[in-house]
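# Structural overview for review
In case you want the letters, here they are:
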Amino acid sequence: LTESMPGMLGPMEFYGGFTGTETLPGERAADYWVNNPTVIEGSNLYTMIDQNGAHKLTVDGVTLQNGNRASGSGSLLYKNGGTITVKNTTITGGHAGGTAGAMYVGNATGSFENCEFSNSSATSAGGFAYLASSELTFTDCDITNNFTTVSQGGAMYVNTCNTEFTNCLFENND
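Residues numbered from 1 in each chain as written. Predicted model: local features only at pLDDT ≥ 70, side-chain atom pairs only at ≥ 80, totals over all residues. Heavy atoms only, no water.

### Focus: the overall build of the chain
Threshold: Where helices and strands are cited, they refer to DSSP runs of H or I of at least four residues and of E of at least two residues respectively, numbered from the N terminus. Radius of gyration here uses only the C-alpha atoms, and the compact-globule reference equals 2.2 Å multiplied by the residue count raised to the power 0.38. Per-residue accessibility, obtained with a 1.4 Å probe over protein chains only, is compared with the maximum for each type, and a residue is labelled buried under 20%, exposed over 50%, and partly exposed between these values. Here, residues are in contact when the closest pair of their heavy atoms is within 4.5 Å. Here, Shrake-Rupley sampling with a 1.4 Å probe gives the accessible areas, and only protein chains in the shown set may cover a residue. Two residue types count as positive, namely Lys and Arg, and two as negative, namely Asp and Glu; His and chain ends fall outside the count. A charge is said to be at NZ when it belongs to Lys, at CZ for Arg, at CG for Asp and at CD for Glu.
For the chain, the helix and strand inventory stands at one helix and 22 strands. In summary, the chain has a C-alpha radius of gyration of 15 Å against a globular reference of 16 Å for 174 residues, a match within 12%. When its C-alpha atoms are laid out on the principal axes, the chain stretches across 50 × 35 × 30 Å. Sorting the 174 residues of the chain into buried and exposed places 45% on the buried side. Put simply, of all contacts in the chain between residues at least 6 apart along the chain, 78% involve residues at least 24 apart. Surface accessibility of the chain: about 7800 Å² in total, with carbon and sulfur atoms responsible for 46%. Averaging the positions of the 5 positive and the 16 negative side-chain charges in the chain gives two centres separated by 9 Å.

### With respect to the environment of T166
Note the threshold: Polar contact criterion, stated in full: a pair of N or O atoms within 3.5 Å, where within protein one must be able to donate a hydrogen and the other to accept it, and residues adjacent in sequence count only if both atoms are side-chain atoms.
Along the polypeptide, T166 turns up in strand 21 (residues 162-166). Take T166: its relative accessible area is 35%, and that puts it in the partly exposed class. For T166 and T137, which are 29 residues apart along the polypeptide, the C-alpha to C-alpha distance reads 7.9 Å. What T166 contacts, discounting residues up to four positions off in sequence, is F138, T139 and D140. Polar side-chain contacts of T166 include one of 3.4 Å to the side chain of E164.

### Examining the sheet that holds strand 13 (residues 109-113)
Which entries qualify depends on this criterion: Note on pairing: two strands pair once DSSP finds at least 2 bridges between them. Where helices are involved, their axes are fitted lines through C-alpha atoms of the stretch in contact, as for all axes, and angles between N-to-C directions lie from 0 to 180°.
Taken in spatial order, the six strands make up an open sheet running 2-5-9-13-17-21, and their pairing is parallel. Looking along the sheet, the strands with just one partner apiece sit at the ends: strand 2 (12-15) and strand 21. Averaged over all pairs of adjacent strands, the angle between strand axes in this sheet comes to 5°, irrespective of strand direction. Pairing between strand 2 and strand 5 (residues 56-60): four bridges, direction parallel.

### Observations regarding the packing of aromatic side chains
Each aromatic ring pair is specified by the distance between its two centres and by the angle formed by the two planes. Put simply, the rule reads: Think of it this way: a Phe, Tyr or Trp ring, Trp meaning its six-membered ring, pairs with another when their centres are within 6.5 Å, and the plane angle makes it stacked under 30 degrees, edge-to-face over 60, tilted otherwise.
If you walk through the whole model with that rule in mind, you get 10 aromatic pairs. A centroid spacing of 6.0 Å and a plane angle of 20° characterise the contact between Y104 and Y130, whose relative ring orientation is stacked. Here Y130 lies in strand 16 (residues 129-132) and Y104 lies in strand 12 (residues 103-106), a separation of 26 residues in the sequence. Using a relative accessible area of 13% as the deciding quantity, one classes Y104 as buried. Residues F112 and F138 carry aromatic rings whose centres are separated by 4.5 Å and whose planes lie at 5° to one another, so their mutual orientation is stacked. In this pair, F112 is assigned in strand 13 and F138 in strand 17 (residues 135-139), connecting sequence segments 26 residues apart. Across this residue pair, the class does not change: F112 and F138 are buried. Members of the aromatic cluster, joined through ring pairs, are F112, F117, F128, F138, F165 and F170.

Bear in mind that shape data such as this cannot, by itself, settle questions of function.
This is how it looks when you write it as structure tokens:
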């Protein structure tokens with residue numbers, strides 16, 4: 001990508017891990033996200049996925065990396081409203097000059113499964129993520145090596161959310 005995808009409306013689906021012979025996501029081989037990586041590179045310039053409104057967002061088998069948002073929240077993924085499903089995905093290397101180094105999710109419901117969230121930072125709350133007014137589940141996710149300079153949620157800052165973590169690893173977040 002040479003530009004961000006700002007303020008996209010309508011349902012969005014990002015699927016990775018294809019070898020080139022499949023026509024549907026269900027046809028991908030086991031461990032598709034490991035054996036056939038699909039990387040969306042931000043080159044430290046852009047917010048990669050930016051969606052507002054009561055729409056569905058699906059990210060499956062993709063690596064989002066190296067986003068930068070000079071001010072505001074969520075350098076790699078910004079989701080406000082609607083539903084979100086993220087699975088078998090790596091989100092790494094995000095930086096925001098405000099909150100939520102890599103990911104902001106607000107006013108949404110959704111799930112995160114078998115994900116890696118790492119090496120992101122924010123100058124305000126939520127080194128990796130800022131979660132606001134949402135109902136979210138995280139299952140089998142690793143949240144590692146994230147930090148914020150104000151010591152409010154090195155990994156995540158959770159504000160007025162119903163959030164459940166099952167079998168998740170939080171390590172080296174400051």
